[in-house]
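The lines below spell out each chain.
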Amino acid sequence: MNSPARFPTDFVWGASTAAYQVEGATTEDGRGPSVWDTFCAVPGNVLDGDNGDQAADHYHRYNDDLDLIADLGLGSYRFSIAWPRIQPTGSGKANQKGLDFYRRLVDGLVERGIQPMATLFHWDLPQALQDRGGWENRDTAERFAEYAEICFDALEIRDWLTINEPKTVVDCGYREGQHAPGFKDDARAFVACHHLLLAHGLASRVLHERHAGRRIGPALNLHPTYPADDTPEALEAARHQDGLENRLYLDPIFKGSYPEDTLRWISERGPMADHILDGDLAVINEPIDMLGVQYYTPIFVDAKGERVFLHERTQAEWLEVYPEGFHDILMRVQRDYPGVPMIITENGLPTEDVPGSDGRVRDERRITFLRDHLAAMHRAMEEGARVEGYHVWSLLDNFEWAQGYSQRFGIVYVDYSTQKRTPKDSALWYRDVVKSGELR
Ligand code: FCB
């Protein structure tokens, strides 16, 4: 038997959620509507007509949820701040009640010895800003920096994440249309892409100017891309895909330039380049203090550039189980984009959990998935990848965007009719890993 993988004693273990997916209370305490409220209201957009109105009712149950996090022995909780709670119409004076909620949340974490990690934008753009063009409008990036400043000044949090998965907003929200705002338009998508990155840079600058000692970075979902066969065409297709999945975001942030091949491809499809004004890339290149890495799936492409699946899949049809990809992407970032620590901000899978007659939720498949992925991450760390911490997606079952409540990513089961929480077997397993710092 191999000896157990031991993690460094200061390794940070945590769990993640996002506001719209867990909070509910979408009309309470002055919260304004977000693009996701609007999107969910259109029949056909979300499976079973689900929406975030109740979600996991975390807005009211956060204290119990904090106890749960403490019971699991976690050292970090990553949550997101709902912009429409702080600025109901996306600009202007802060809504005190919205800020108070996150103050109570942060206080509750600190009291329990848990580090808060806040994401400023996890997709719930105030609808009022969408009405003025959303991320296609450069002004939204400026508004984002203003909103970020309010949050930085009001909340005692060391670690901040700017934009969660800009690529998902670009791809799912603007190219494929299955996420808010629901467009299918490449030309508009990449204009939005540039402004999302600009927003990231502007907010990072504000933090550095106003709060020395705090840290900020983006949360990027990185997808290692591989050729599905050994033809030169597949190799080229994999490189092109890597541009769209990874370099389009990593290059401007780390190097201050867009990847030439990718920008050329984008420019054949629309006017993104016209929106890159003098100085923008320097803003986007504002040094970051840490990189949030989210890993779910590899992408294999064939000679035609089509995605092919070579491994087992999950209830989320896009998620191909390939722990090796986690190792590979961490090594790649370490090699090509060194200099800052990585923090894993999401990793997980949905399983079709049903409580047994004894109430227990036996999610063996999640345990296997997490064990294999933690082992791959550990191997990368042994080989030099600078990984500081890991957050499982997700603490709770929650509103999985266009899939509504049909996909359960939590390590804690939520019965949506009673809002009762039950730690799944994977949560108990994770608790033991966290406690021992070892993977057996
Ligand atoms: C990521 C999102 C997160 C969650 C997981 C499954 O893309 O950041 O909100 O939906 O996927």
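Note that the structure is predicted; figures quoted are calculated from it, not measured. Every chain begins its residue count from 1, and numbering advances along the sequence as written. Residues qualify for local features only when their pLDDT is at least 70, as the model is predicted, and side-chain atom pairs are given and counted only at 80 or more; totals for whole chains, interfaces and linings, by contrast, use all residues. Neither water nor hydrogens contribute to the side-chain values; these are computed over all heavy atoms in the structure.

Focus on the site of the ligand
To be explicit about the condition: Note on definitions. A residue lies near a molecule or strand when any single heavy atom of the residue is within 4 Å of it. Nitrogen and oxygen atoms within 3.5 Å of one another constitute a polar contact, given that in protein one can donate a hydrogen and the other can accept it, and given that sequence-neighbouring residues count only through two side-chain atoms. Every accessible area reported is derived by Shrake-Rupley at a probe size of 1.4 Å, with residue values counting cover from the shown protein chains alone. Polar here means any residue outside two lists: the nonpolar Ala, Val, Leu, Ile, Met, Phe, Trp, Tyr, Cys and Pro, and the charged Asp, Glu, Lys and Arg; Gly therefore counts as polar.
Taken together, Gln21, His122, Trp123, Asn164, Glu165, Gln294, Tyr296, Glu346, Trp393, Glu400, Trp401 and Phe409 make up the full set of residues adjacent to the ligand. Here Glu165 contributes a side-chain N or O atom positioned 2.5 Å from an oxygen atom of the ligand. If the ligand stood free it would expose 290 Å²; the protein chains cover 95% of that surface. Across the shell around the ligand, the residue classes tally to five nonpolar, four polar and three charged.

Describing the packing of helix H10 (residues 232–255) against helix H11 (residues 260–267)
The relative placement of two packed helices is expressed as an angle between their axes plus a distance between the axes. The condition that has to hold: Axis definition: a line fit to C-alpha positions, over the contact stretch in the case of helices; interaxial angles, taken between N-to-C directions, run 0 to 180 degrees. Numbering of helices and strands runs from the N terminus; a helix is a DSSP stretch of H or I covering at least four residues, while a strand is a stretch of E covering at least two. With respect to orientation, any angle under 35 degrees is reported as roughly parallel, any angle over 145 as roughly antiparallel, any angle of 65 to 115 as roughly perpendicular, and every other angle as oblique. We call two residues in contact whenever any of their non-hydrogen atoms come within 4.5 Å of each other.
Contact geometry of H10 with H11 gives a least axis separation of 9 Å together with a crossing angle of 95°. Relative to H11, H10 is oriented roughly perpendicular. For the pair H10 and H11, contact is made by Arg239, His240, Gly243, Leu244, Arg247 and Leu248 and by Asp261, Thr262, Trp265 and Ile266, respectively. Within the contact of H10 with H11, the residues separate by chemical class into four nonpolar, three polar and three charged.

Regarding the packing of aromatic side chains
Selection rule: When two rings of Phe, Tyr or Trp (its six-membered ring) have centres within 6.5 Å they constitute a pair, described as stacked for plane angles under 30 degrees, edge-to-face for angles over 60, and tilted for the intermediate range. Type-normalised accessible area, obtained with a 1.4 Å probe on protein chains alone, sets the label of each residue: buried when under 20%, exposed when over 50%, and partly exposed for intermediate values. The rule is short: NZ of Lys or CZ of Arg within 6 Å of the ring centre and within 35 degrees of the ring normal puts a charge over the ring.
Under the defined criterion, the tally for this structure stands at 37 aromatic pairs. With a centroid separation of 6.4 Å and 35° between ring planes, the pair formed by Tyr20 and Trp36 is classed as tilted. Taken together, the residues Tyr20 in helix H1 (residues 19–22) and Trp36 in helix H2 (residues 35–40) connect sequence positions 16 residues apart. Each member of the pair Tyr20 and Trp36 is classed as buried. Ring pairing ties together the aromatic residues Tyr20, Trp36, Phe39, Trp123, Phe399, Trp401, Tyr405 and Tyr416, which thus form one cluster. If you follow Arg269 out to its NZ or CZ, it ends over the ring of Trp265, 3.7 Å from the centre.

With respect to the nonpolar core
Applied cut-off: Take the buried Ala, Val, Leu, Ile, Met, Phe, Trp, Tyr and Cys residues and link them wherever side-chain atoms come within 4.5 Å; each set so joined is a nonpolar core.
Among the nonpolar cores identified, the biggest contains 136 residues, and Trp36, Trp135, Trp160, Leu330, Met377 and Tyr390 are the most heavily contacted of them. Top contributing element to this core by residue count: helix H9 (residues 186–210), with 12 residues. Residues within four places of Trp160 in sequence aside, it is in contact with Ile81, Ala118, Leu120, Cys151, Phe152, Leu155, Leu207, Arg214, Arg215, Ile216, Gly217 and Met290. The next biggest cluster of nonpolar side chains, apart from the first, holds five residues, and it includes Leu161, Ala219, Met290 and Ile343.

Notes on the sheet that holds strand E3 (residues 76–80)
Sheets are built from strands paired through backbone hydrogen bonds, the pairs being either parallel or antiparallel. Worth spelling out the cut-off: One requirement defines pairing of two strands: DSSP has to find at least two bridges between them.
Ordered in space as E2-E3-E4-E5-E6-E8-E11-E12, the eight strands form a closed barrel in which the pairing is parallel. Neighbour to neighbour, the strand axes of the sheet diverge by 25° on average, direction disregarded. Note: strand E2 (residues 12–16) against strand E12 (residues 387–393), five bridges, orientation parallel. By the bridge assignment, Ser16 is partnered in E12 with Trp393. The sheet contacts of helix H14 (residues 364–382) involve E2, strand E11 (342–346) and E12, and relative to E12 the element is tilted by about 165°.

Concerning the sheet that holds strand E9 (residues 299–301)
Across the sheet, which stays open at both edges, the three strands sit in the order E7-E9-E10 with mixed pairing between neighbours. A strand with exactly one partner marks an edge of an open sheet, and here the two such strands are strand E7 (225–227) and strand E10 (307–308). As paired strands, E7 and E9 are joined by three bridges and run parallel to one another. Following the sheet pairing, Tyr226 is matched in E9 by Phe300.

Focus on unusual backbone geometry
Each neighbour pair has its own omega, and for Ala180 with Pro181 the value is 5°, a cis peptide bond. Here the bond from Trp393 into Ser394 is cis, since omega is 15°, no more than 30 degrees from zero. As for its placement among the helices and strands, Ser394 is situated in the loop between E12 and strand E13 (412–415). Even without glycine at this site, Asp57 takes up a positive phi of about 55°. Tracing the sequence through the fold places Asp57 in the loop between H2 and helix H3 (58–71). The backbone phi angle of Glu165 is positive, close to 45°, even though this residue is not glycine. Within the secondary structure, Glu165 sits in the loop between strand E5 (159–164) and helix H8 (166–175).

The values are spatial; any link to function lies outside them.
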